[in-house]
Amino acid sequence: MIVTGLSLETLSILVGSVVALRALQLFLDFRRLLANIHHLPGYRTIISSSTVLGRLLPPTPLLILSHDHFWLLKHGPFAERGLDIISAVVCWPKAMGSMLIADVNVIKDIVWSRGERFPKPLGQYTVLTFFGENIIASEGNEWKRYRKVVTPGFSERNNRLVWDATTQIMLDLFDTMWAGQEEVVVNHSVDLTFPIALFVIGAAGFGRPISWKKDDVIPLGHQLTFKDALRTVTQDLTLTMLVPRWAMGLTKRFRRARLAFDELHRYLTEMIHERQESKDEEDNNDLLSSLVSANDNENLSKGEVRLSDSELIGNIFIIFVAGHETTAHALSFAFALLALHPDKQEEMYQHIKHVLSDGRIPTYDDMPSLTYSSAVFNEALRMFPPVCAVPKSSAEDTTFTLTDMNGTLKTVVVPKGLDLTLDVPGLHYNPKYWEDPFAFKPERFLGDWNRDAFLAFSGGYRGCAGRKFAETEGAAVLTILISQYIISIKDEPQFAGETYEQRKARVLDAQSMLTLAPTRLPLVFRRRT
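How each quantity is defined
Residues numbered from 1 in each chain as written. Predicted model: local features only at pLDDT ≥ 70, side-chain atom pairs only at ≥ 80, totals over all residues. Heavy atoms only, no water. Helix = DSSP H or I, 4+ residues; strand = E, 2+ residues; numbered from the N terminus. Rg over C-alpha atoms; globule rule 2.2 N^0.38 Å. Buried < 20%, exposed > 50% of the residue type's maximum accessible area, 1.4 Å probe, protein only. Contact = heavy atoms within 4.5 Å. Areas by Shrake-Rupley, 256 points an atom, 1.4 Å probe, with all protein chains shown as cover. Lys, Arg positive; Asp, Glu negative; His and termini not counted. Charge placed at Lys NZ, Arg CZ, Asp CG, Glu CD. Pairing = 2+ DSSP bridges. Polar contact = N/O pair within 3.5 Å; in protein donor to acceptor, adjacent residues only side chain to side chain.

Draft legend 1. Focus on the overall build of the chain. Per the secondary structure count, the chain includes 18 helices and 14 strands. For 529 residues, the compact-globule estimate of 2.2 N^0.38 gives 24 Å, and the chain sits close to it at 25 Å. Summarising its shape, the C-alpha atoms of the chain cover approximately 85 × 55 × 55 Å along the three principal directions. Across the 529 residues that make up the chain, the buried fraction comes to 52%. For the chain, restricting intrachain contacts to residue pairs at least 6 apart in sequence, the fraction spanning at least 24 positions comes to 73%. Element-wise, carbon and sulfur atoms account for 55% of the exposed surface of the chain, whose accessible area totals about 24800 Å². Between the averaged position of the 56 positive side-chain charges in the chain and that of its 62 negative side-chain charges there is a distance of 4 Å.

Written out as structure tokens, the structure is:
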């Protein structure tokens, strides 16, 4: 057979030669990269787990890592190799390498470094810029500009508002949705924690209070509630990277995702317009006002650059996501851990009773005394960090110095351009910093603890601006809930014969989506008598 002047045999030889040359090139690049990092021990695989193909294939030794390997393996890979820095090198689609880091001192060096030595690889954050550039997906001067706008919205005055809003939302839940019920069954904890966190960020950050009864009412001019639109968008955000816009009408899931993106954009635009037209001075100190003000040329100081409309929407979107999804999942895991450890739950209840001995509703001024509530929230974040990998890159040739498991000093060579990954579960489960790291021990946060070994809110100069907001909300929710209800795991007939360890593994099962999320967490809330 002849194909455009070439025999099939000749064509096959040409194609085979091209493939062989490409494979050889990949192999040589792979070997060169290993030499550049001095063959630092770690993973060696063919396919990158960050590719579309990599997300479809099951994890297979030497072929591909699980895209969730940071969470699944925790500190294990570091312990196996005796060093808290290991490497991960892949062949395809090109030779790429990364250093995974679970050493406190090296992480401190990276996150507190000035001069752009270890910038964010912004290409990995593209998915977060669907609605516009924002504080998370930015670096350098752009990040500083966004940070300057956002920071005033996370003031001490606002933290007090967070506590008050959270208190009102929880009491409203008890008095309306749970009224008259001695026992409330929730088939998946996020069905409870998602609206709680959304209501809090809406009320305290954006002047948008939502009541439990009005939550499911679709406003005029919309096809989805704000909650459903935001939840669908966060679940399907990666579709924007994988599916072209013209193909978003091909399946039911794609069509709902397209509708959710359009609806959320409409909601955010309406929110902006309402605030621009508002004359209410009560709103002037919240996060939305800071952002909207930066979008108005009249409010800018000399030399300041106005936030574009897309930057305004992009930052509002990312703050809604970061401000509710991470907290909702952390609260879900905290509820589950307390349910699985009734002794700790009782200890927390007794602590709350001691602080609030007259049975009153706690205020923000009580927060410093409600240390056990904060400890439970922190321990849930340690065991289930919202973000499992913090990517960085090395802008220059450098070295890291650390000790191995035997106490021997080691120097790790880092070539310019290499990706660095702060392995959060690897750090949070590192026995060097956390005694018995797989155990639920809120009390570890009551005394002295290594704050540099806790990366739930990232760290250094790029640490989360809303950290105090989340900590305040978490402590308030846990205090008010545990003071009035006992949490337990829902008994289900299909799991009647499971052991405690099997039940624990089942209900605490988690996977990384946009953030680390529980798979299914059924709970029962029984009113205290």
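Draft legend 2. Fine view of the pairing of strand S5 (residues 96-101). Most of S5 is tucked away, with five of its six residues classed as buried. Relative to S5, strand S4 (residues 85-92) runs antiparallel, the two sharing six bridges. Each bridged residue has a counterpart across the sheet, and for serine 87 the counterpart in S5 is methionine 99. With antiparallel pairing between neighbouring strands as the criterion, S4 and S5 make up a hairpin whose turn holds three residues. Pairing geometry for S5 and strand S10 (residues 419-423), over four bridges, is parallel. Of the residues in S10, the one forming a bridge with isoleucine 101 is leucine 422.

Draft legend 3. Up close: the environment of glutamine 345. One can find glutamine 345 in helix H14 (residues 342-355). Taking C-alpha positions, glutamine 345 is 30 Å from proline 209, a pair spaced 136 residues apart along the chain. Ignoring any residue separated from it by four or fewer positions in sequence, one finds glutamine 345 in contact with Leu338, Ala339, Ile482, Tyr485, Ile486, Ile487 and Arg528. At 3.1 Å, the side chain of glutamine 345 and the backbone oxygen of leucine 338 are in polar contact.

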